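# Observations on the model geometry
Chain by chain, the residues:
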Amino acid sequence: MKKTKSEILFDQAQGLMPGGVNSPVRAFKNINKNPIFFKSAKGSILLDEDDNEYIDFVGSWGPMILGHSNPIIVKALKKQLDYGVSYGAPTSLENQLATLIQDQFPTIEKIRMVNSGTEATMSCIRLARGYTGKNKIIKFTGCYHGHVDSLLVRAGSGVSTFGLPDSPGIPKDLAQLTHSCCYNDIEEVKSIANEIGNDLAAIIVEPVAGNMGFIPGDIDFLKTLRNLCNRNNALLIFDEVMSGFRVSLGGAQEIYNIKPDLTALGKVIGGGLPVGAFGGKEKIMNQLAPLGPIYQAGTLSGNSLAMSAGIALLSTLIKENPFQDLENASNHLLSSMKNMFKEKGMPFSSATMGGMFGFFFSSTLPKNYKEVSQTDENLFKKFFISALNHGIYFAPSKYESGFISTAHNQEILEIALEKLDLAIKEI
Ligand SMILES: *Cc1c(COP(=O)(O)O)cnc(C)c1O
């Protein structure tokens, strides 16, 4: 059979990059398929190298909340190109993006821009350790905080997709400083925090977990983390790289009304360009160089091109505040899917929050990583492949979330549901 362009490109890519990709989950290895190579995207639609169209529920893993190639962002980027893309020196654009973020996240009294979510969480950990003078960290199994050495212990997302408990290459001495607890389990984190006692520097958590599928944190669980940090003079770090400007304008911390000491952001705030940020209490942030002794830096941090994309996206998002509409749209999608699976006698559970959603092949919604791992993997793979064949692009792993955009209008959703109905009937 004649090879598709995607297949030819993947053959080529495998000779160039490990596994043919620049980020593991893209490879589709866990579902024994070749990845699809894309050449363009507009609104809610992706176009692959073989001219097949897909309705996209990945959105570049979150940033495309206003749809692909949104004209407002394209215009801002084109305008900035004429002024230069990076000067390695301060600009008014950095002030603008910082203000837009701080207005929505009152806990971010001071902020610093970086180039990825990984950099943001990594810097939070260093800052927490430097500020408290302590070493140990608590994280939660199935929460992914980027590929930071200290945080790649029982991480979700790609690490779980490929069944890797941790990664080789992380010194034992460092890994020992990170304790992983069960998500949403109050008693366990209390007892571990007790055990660690006064060497606890920080607790880092995804307040809504998006890297073991989509699992909202329990409010009492998150409140417990706040109290434990207060009691142990440790910092509470909310990793809102995925949930920030995704579940609501002020992130999960606004929805739960819980104030972390530090917040990590990424994904949406860059409008699709590589941006991360972290921030929090002024007296903590002021410990960073050049004001304080804790070092953190970045050649392209705050570059004009990325800042202008972020400004265009966030100011539009703030003006439109589409989160209730996005949640209604996801609810419609998922409740319709639930009915389709019910007819087949297949278990299905789901959750939504703003522009983020998740579904599992289990009759009740999982509350932690272990319960996610017990959901039907085989059924997920069959569904994923069938949906893909019908032009619906979900994330290729049960350990990932789904994302919807303002470009997923009523008409697109009805088309998606017709395709999904066929796809599900064929499983
Ligand atoms: C994606 C993600 C990261 C890592 O961000 P990168 O930009 O991929 O480095 C960190 N934390 C969470 C919660 C994420 O979803």
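What follows concerns the pairing of strand 10 (residues 235-239). With five of five residues buried, strand 10 is to be regarded as a mostly interior element. Where burial is concerned, the two faces of strand 10 agree: the one with L235, I237 and D239 and the one with L236 and F238 are both buried. Chirality of the crossover, the property in question, places the unit of strand 10, helix 9 (residues 251-256) and strand 11 (residues 262-265) among those that are right-handed.

Turning to its location among the elements, E327 is positioned in helix 12 (residues 323-343). Separated by 29 residues in sequence, E327 and M356 have C-alpha atoms that sit 7.7 Å apart. Residues contacting E327, with those up to four places away along its chain left out, are T352, M353 and G354.

Moving on, we come to the pattern of salt bridges. In the structure shown here, the tally under the stated rule is eight salt bridges. The partner of K39 in a salt bridge is D51, and the shortest N-O contact between them spans 2.8 Å. Here D51 lies in the loop between strand 2 (45-48) and strand 3 (53-56) and K39 lies in strand 1 (residues 38-42), a separation of twelve residues in the sequence. Since its relative accessible area comes to 43%, K39 is described here as partly exposed. Of the charged contacts in the structure, one is a salt bridge between K425 and D421, with a shortest N-O distance of 3.0 Å. Note that K425 and D421 are positioned in helix 15 (residues 410-425) at a spacing of four residues, about one turn of the helix. It is possible to trace a salt-bridge network through shared partners that takes in R226, D261 and K281.

Another point: the site of the ligand. If you check the shell around the ligand, you find S116, G117, T118, Y144, H145, G146, E206, N211, D239, V241, M242 and K267 and nothing else. In this structure, D239 approaches the ligand through a side-chain N or O atom, which is 2.6 Å from a nitrogen atom.

With that settled, consider the sheet that holds strand 13 (residues 349-353). Whenever strands of a sheet pair, they do so through backbone hydrogen bonds, lying parallel or antiparallel. One open sheet holds the three strands; their spatial order is 13-14-16, and the pairing between them is antiparallel. Looking at strand neighbours, the two that pair on one side only are strand 13 and strand 16 (402-403), the edges of this open sheet. Pairing geometry for strand 14 (residues 356-360) and strand 16, over two bridges, is antiparallel. Within strand 16, the residue paired with F357 across the bridge is G402. The sheet contacts of helix 12 involve strand 13 and strand 14, and relative to strand 13 the element is tilted by about 175 degrees.

As a further point, take the nonpolar core. I101 and F394 are the most contacted members of the largest nonpolar core, which has 68 residues in total. For this core, the element with the highest residue contribution is helix 11 (residues 304-320), accounting for nine residues. Two domains each put at least three residues into this core: domain 1 (5-69 + 321-425) and domain 2 (71-320). Setting aside anything within four residues of it in sequence, one finds I101 in contact with I108, I111, M113, F245, L265, I269 and L314. Core analysis: the next-biggest nonpolar cluster, separate from the first, contains 37 residues, L236, F238, A351 and M353 among them.

Parameters and conventions
Residues numbered from 1 in each chain as written. Predicted model: local features only at pLDDT ≥ 70, side-chain atom pairs only at ≥ 80, totals over all residues. Heavy atoms only, no water. Buried < 20%, exposed > 50% of the residue type's maximum accessible area, 1.4 Å probe, protein only. Helix = DSSP H or I, 4+ residues; strand = E, 2+ residues; numbered from the N terminus. Right-handed = clockwise from strand over helix to strand, strands pointing away. Contact = heavy atoms within 4.5 Å. Salt bridge = Lys/Arg side-chain N within 4 Å of Asp/Glu carboxyl O. Near = heavy atom within 4 Å. Polar contact = N/O pair within 3.5 Å; in protein donor to acceptor, adjacent residues only side chain to side chain. Pairing = 2+ DSSP bridges. Axes fitted to C-alpha atoms, helices over the stretch in contact; angles between N-to-C directions. Core = buried A, V, L, I, M, F, W, Y, C linked by side-chain atoms within 4.5 Å. Domains from an automatic or database assignment.

By themselves, these are just geometric observations and shouldn't be taken as functional.
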